[in-house]
Structure formats: structure tokens, C-alpha cells
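# Residue-level structural notes
So the chains spell out like this:
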There are 2 protein chains.
Amino acid sequence: MTRPLIHVPNPAFDLVFDRIVDVPKELVWKAWTIPEQVKQWFTPAPWKTVDCEIDLRPGGAFRTTMESPEGKQFPNVGCYLEVVENEKLAWTNALEPGYRPTTSLAACPGEEFLFTAVISLEAHGSGTKYTAMAIHQTQAGRARHEAMGFRDGWGAALDQLVAMVKARRQL
Amino acid sequence: MTRPLIHVPNPAFDLVFDRIVDVPKELVWKAWTIPEQVKQWFTPAPWKTVDCEIDLRPGGAFRTTMESPEGKQFPNVGCYLEVVENEKLAWTNALEPGYRPTTSLAACPGEEFLFTAVISLEAHGSGTKYTAMAIHQTQAGRARHEAMGFRDGWGAALDQLVAMVKARRQL
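So, a few notes on the structure that sits alongside this text. (Residues numbered from 1 in each chain as written. Chains lettered and ligands numbered in written order. Predicted model: local features only at pLDDT ≥ 70, side-chain atom pairs only at ≥ 80, totals over all residues. Heavy atoms only, no water.)

## Regarding the relation of the copies chain B and chain A
Relating the two copies of this chain is a rotation about some axis coupled with a shift parallel to it. Rules: We superpose the copies by least squares over the C-alpha atoms of residues that have a pLDDT of at least 70 in both of them. Contacts are residue-level and defined by heavy atoms, with any inter-residue pair within 4.5 Å sufficient.
The two copies are related by a screw operation: chain B maps onto chain A through 180 degrees of rotation and 0.0 Å of translation along the axis, at an RMSD of 0.0 Å. Seen this way, the second copy is the image of the first under a two-fold rotation axis. A high fraction, 100%, of the interface residues of chain B reappear at the interface in chain A, so the copies pair face to face through one surface.

Right, here's the structure in full:
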């Protein structure tokens, strides 16, 4: 196998969120890759993730349906790009499952919200260095994602993930 | 590792070219993945491939520059999605290297020419069953690719590939 790609963020286009968490990376990986777990933490409350489908392989589907406090549902679909157990998970909404380029109108300049997400996990003592990178199509896409509350949103979701992992350990 | 994705073509969106060739798949793989070899066969004559850059890993760059008989150059860039030695090579022009969704205007409906290509190689006696699949964003994209001469073009390029492999064996 060739050496894996190192993702170097471009500050004008990309958003990076990282944090050390005190749960092991193997459990963070499960939280990201088992639908029943994803539904418990993925969307900052009071929003919910009411459905999740995961076909965990390159080209496979990553589908989620978020629900607003008012009950409106927002389905999302992405395509996994890299699946390296306990280390790296990458997917994009620029491709549909099976790698078909998306037909979403979001592909048009001015309306874009296409991005690739890369989650990287590294052991850090008994915990995990957690890094989430959002790689946008355009600077406008980055700005829009940031204005939507990227950092607070990913932080709140990660808080929920860690709380879920700890609660499951006590079962 | 999970089972690999089986690509089932959708006839309305996809184009498939397959053929049995009498050279082993390991040499077809080299022809696709070594820049100096790609330049020798990739573009049906009298067009030429005058430059080629390959970063052979998921997320890596696949760049080619084609030159028309009049000397006009056409650069192309794609991003590798799957690299399974001697078996499967997939890339897309919907993502730039590093998985950034493309900013090409071609992403807009009506102008689209985004697609993912999947080359599959299977041993067939001492030769290879060669399958190339082009997975388009839209039915219009498929129609445009077909009208550009997909079948003749990929066939002529494969003829050149096989001729190159045979010539190299005789060196």
C-alpha cells in the first residue's frame, strides 16, 4: 500500500475542529460507524437524528435524517471515500453512493454547500485526539458553514458523543 | 476489511466498455499507473497525451494533458478514489486532489461533464477481462460522453495500450 494522504487544510477553504477527548479511539470509531449510536449524538439538541444508514466501505452510503425542533426533516446523503478502522473516516456530499457526481443544485456556484469531511483519530494517552476537517468547494462554502455554527455545532455533537460513550461503558 | 462495492451500471446514466485482451492484468495495471506508460497510449492518435502526473493513492491526483493535432492543449485533473493493485482503479473529476469538490463550471446542470471512472481488471486465462465504466452525473452527461465517441475512443486507446504492452515485452 502507498502512504496515506496527509490533509493539509487551506485556511481560505477549510474548517478544522480538533479536541482531546477522554474516551478511546476505538469507541469514538464505533460512535461514528454504528447507526444506532450515530442517532444518539450526531445532531446538537434540540435537533435530532431520526434516521441513519451506513454502508461502511469506499463508495458506500452515509445517510442521515435530521429533524428540527418543529418536526421538519432534513435528509442528507454522502458517499464514503476512506474507511480506515479506528483511524480515518472520510466522506463527501459531492458524490452520491457508488461515486456518482451529485445532481444537487448545490453544485452550482453561489448555491454551493458541497464539502468533504475527514475525521481523524489518534491515540492520546488513554483518550483520543479527535480532528474533524471540512474541505469546501469554495471560500463562500466555507464562510457559510462557519456562519451556520460549524465550531459550536461540531463541539456540541462531540460533547454528546463523549457522553454517550461514557454512559454506554457504565451499562 | 468490508466487502468491496460492486458497481451495477444504470443504463440511463452510465457507459460500460469491456473487452478481453491478451496481456496479463499486472501489465495493464502498470500501463494505467506509470505516467511514462500512460503518455504512450491514453489518447487515441493523432491526439497525444503530452503530460501525466499520478499520485497513486486515494485522494491523490491523476492529471493528464491532451494535445490536439493542431497543438491545442487540454489539461484534465481527477482525484483517485480507489487503488486496488492489479484489480480496480477508480477516480473522479467531481473532486480535486485531496477530495475538494470541484469548482469547475461543469458542475452546473446543462454544462455537466462530471463523471467517475472505474477500471476493473480480472484474470482471463493468460489475458485480462478489462471493464471500464463511466458513471455520469446526469443522463445528459452520459449522452454527451457517448456522442463524443466513448466506445470508439476507449477502444482505440485500449488497442494502443495492448500494442504498447506487447512492444515493451519484446524489448
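## Let's talk about the pattern of salt bridges
The following threshold applies: Whenever Lys or Arg places a side-chain nitrogen within 4 Å of a carboxyl oxygen from Asp or Glu, that contact is recorded as a salt bridge. Segments assigned H or I by DSSP are reported as helices when at least four residues long, segments assigned E as strands when at least two residues long, and all are numbered from the N terminus.
Summed over all chains, the structure comprises 18 salt bridges over all chains. In this structure, the salt-bridge partner of D14(A) is R100(B), at a minimum N-O distance of 2.8 Å. Taken together, the residues D14(A) in strand 1 (residues 14-21) and R100(B) in the loop between strand 5 (88-92) and strand 6 (115-124) connect one chain to another. Salt bridges here are not isolated pairs; linked through shared partners, they connect R142(A), E146(A) and R151(A).

## Digging into the interface of chain B and chain A
We apply this condition: Throughout, buried area stands for the accessible area (probe radius 1.4 Å) lost by two parts on being put together, summed over both. Residues adjacent in sequence count toward polar contacts only when both atoms are side-chain atoms; beyond that, a polar contact is any pair of N or O atoms within 3.5 Å, and within protein one must be able to donate a hydrogen and the other to accept it. Gly counts as polar in this scheme, as do all residues outside two lists: the nonpolar Ala, Val, Leu, Ile, Met, Phe, Trp, Tyr, Cys and Pro, and the charged Asp, Glu, Lys and Arg.
Across the boundary between the two partners, chain B contributes 36 residues, which contact 37 residues of chain A. For the chain B and chain A pair, buried surface summed over both sides reaches about 2,900 Å², with 62% attributable to carbon and sulfur atoms. Of all residues in chain B, R57(B), Y99(B) and R100(B) give up the largest surface area on contact with chain A, accounting jointly for 23% of the area buried on that side. On the surface where chain B and chain A come into contact, there are two salt bridges. Put simply, chain B and chain A have twelve residue pairs in polar contact (both at pLDDT 80 or more) between them. Listed by contribution, the elements that provide at least two residues to the side of chain B that touches chain A are strand 4 (73-84), strand 6 and strand 7 (127-136) of chain B. Its residues assigned to classes, the side of chain B that touches chain A comprises 18 nonpolar, twelve polar and six charged.

## Focus on the packing of aromatic side chains
Defined as follows: Centres within 6.5 Å make a pair out of two Phe, Tyr or Trp rings, where for Trp the six-membered ring is used; the pair is then stacked when the planes are under 30 degrees apart, edge-to-face when over 60, and tilted otherwise. Type-normalised accessible area, obtained with a 1.4 Å probe on protein chains alone, sets the label of each residue: buried when under 20%, exposed when over 50%, and partly exposed for intermediate values.
Counted according to the given criterion, the structure contains 24 aromatic pairs over all chains. Measuring from centroid to centroid gives 5.4 Å for F62(A) and Y80(A), while their planes differ by 25 degrees, and the two rings are stacked. Here F62(A), found in strand 3 (residues 61-67), pairs with Y80(A), found in strand 4 (residues 73-84); they are 18 residues apart in sequence, far enough to count as distant. Seen in terms of ring centroids, F17(B) and Y130(B) are 6.4 Å apart; in terms of plane orientation they differ by 80 degrees. Their pairing is edge-to-face. Separated by 113 residues along the polypeptide, F17(B) in strand 1 (residues 14-21) and Y130(B) in strand 7 bring together distant segments of the chain. Of the two residues, F17(B) and Y130(B), both sit in the buried class. Here a set of aromatic residues connected by ring pairs shows up, and it is made of W32(A), W41(A), F42(A), F62(A), Y80(A), W91(A), F150(A) and W154(A).

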